[in-house]
Amino acid sequence: MSEEIHDEGASKEEVTPVDEAHDSGDALSQAEAILNEAGSEAGDETPVSDKEAELRDDLLRLQAEYVNYRKRVERDRDVARESAVQSVIVNLLPVLDDIEAARAHGDLVDGPFASIANKLDTVLEGLGLERIAEAGVAFDPNIHEALIQQPHAEIPADHVAQVLRSGFKKGERILRAAQVIVSLGE
């Protein structure tokens, strides 16, 4: 699958075509090898012509553009993946609410549905989903939505007395704020 190229000096150089199966590391290493080979063939004794210097600069510029392109594509791919995962999770939030309500009523203690609910929770936790449902913590308007303020004997003022509906976050992004009752203290 190699081609031989003849130039005016009748020297033979093998050129291996790069197919799409190679990843960016292979293409970059091949370009570096060509540059190093060209540099070692020229040696210190032979001056580099303007044309060779121009071609070398063009190759280096193309190599840098390719590296930047690959990084941009990878970054865009990660953003698209993250957006898709968040979209699916947001659509599953009502299902998670129903599962939480069933657990609270004792309907998901044992059985096949309890197993499915546990597997779903495990998968979503593996994707980075975190539940915001802790009572007794300081009220934070970034993660909590205050629905009611009530006096509470055991919980200090401006703390979450009760979570009415769990909130969820993925990483630093809040997908849904927790709906809470905020304590006024005594």
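Bear in mind that the values here come from a model prediction, so they are computed numbers and not experimental data.

Enquirer: What's the story with the overall build of the protein in this structure? I'm lost.
Expert: In terms of regular secondary structure, the protein is built from three helices and eight strands. Going from the N terminus to the C terminus, the protein shows its helices and strands as β-β-α-α-α-β-β-β-β-β-β. Counting every position in the protein, which comprises 186 residues, the buried fraction comes to 20%. Partitioning the contacts of the protein with sequence separation of at least 6, the portion at a separation of at least 24 is 60%. Put simply, the protein shows about 13,500 Å² of open surface, and 52% of that area lies on carbon and sulfur atoms.

Enquirer: Where do I start with helix H2 (residues 50-104) in this structure?
Expert: Note on helix geometry: an α-helix contains 3.6 residues per turn, so any two residues three or four positions apart are oriented the same way. With 55 residues, H2 extends 78 Å between its outermost C-alpha atoms, agreeing within 8% with the 81 Å of an ideal straight helix rising 1.5 Å per residue. Helix geometry: H2 is bent most strongly at Leu93, by close to 40 degrees, with proline Pro94 lying one to four residues after it. Three or more residues of H2 are buried, namely Gln63, Val85, Gln86, Ile89, Leu93, Leu96, Asp97, Ile99 and Ala102. Note on H2: the residue one or two positions beyond its end, Gly106, has a positive phi of about 80 degrees.

Enquirer: Even after reading the chapter, I still don't get the environment of Glu82, so can you show me in this structure?
Expert: With respect to the secondary-structure elements, Glu82 resides in helix H2. Between the C-alpha atom of Glu82 and that of Lys170, which follows or precedes it by 88 residues, the distance is 9.8 Å.

Enquirer: Honestly, the sheet that holds strand S6 (residues 167-170) in this entry has me stumped. Any pointers?
Expert: Strands belonging to one sheet form pairs held by backbone hydrogen bonds; the direction of such a pair is parallel or antiparallel. The antiparallel open sheet is built from three strands, whose spatial order is S3-S6-S7. Single-partner strands in this sheet number two, and they are strand S3 (129-132) and strand S7 (173-176). With direction set aside, neighbouring strand axes in the sheet form an average angle of 30 degrees. Sheet strands touched by H2: S3, S6 and S7. Its angle to S6, the strand with the most contacts, is close to 155 degrees.

Enquirer: What is the right way to read the pairing of S7 from this model?
Expert: Sheet faces and side chains relate simply in a regular strand, where the side chains alternate between the two faces. Pairing analysis gives three bridges linking S6 to S7, with the strands arranged antiparallel. Paired with Phe168 across the strands is Arg176, a residue of S7. The antiparallel hairpin formed by S6 and S7 contains two residues in its connecting segment, where Gly171 sits at a positive phi of about 65 degrees.

What counts, and where the lines are drawn
Residues numbered from 1 in each chain as written. Predicted model: local features only at pLDDT ≥ 70, side-chain atom pairs only at ≥ 80, totals over all residues. Heavy atoms only, no water. Helix = DSSP H or I, 4+ residues; strand = E, 2+ residues; numbered from the N terminus. Buried < 20%, exposed > 50% of the residue type's maximum accessible area, 1.4 Å probe, protein only. Contact = heavy atoms within 4.5 Å. Areas by Shrake-Rupley, 256 points an atom, 1.4 Å probe, with all protein chains shown as cover. Expected span 1.5 Å × (residues − 1). Bend = angle between axes of the 7 residues up to and from the residue. Pairing = 2+ DSSP bridges. Axes fitted to C-alpha atoms, helices over the stretch in contact; angles between N-to-C directions.

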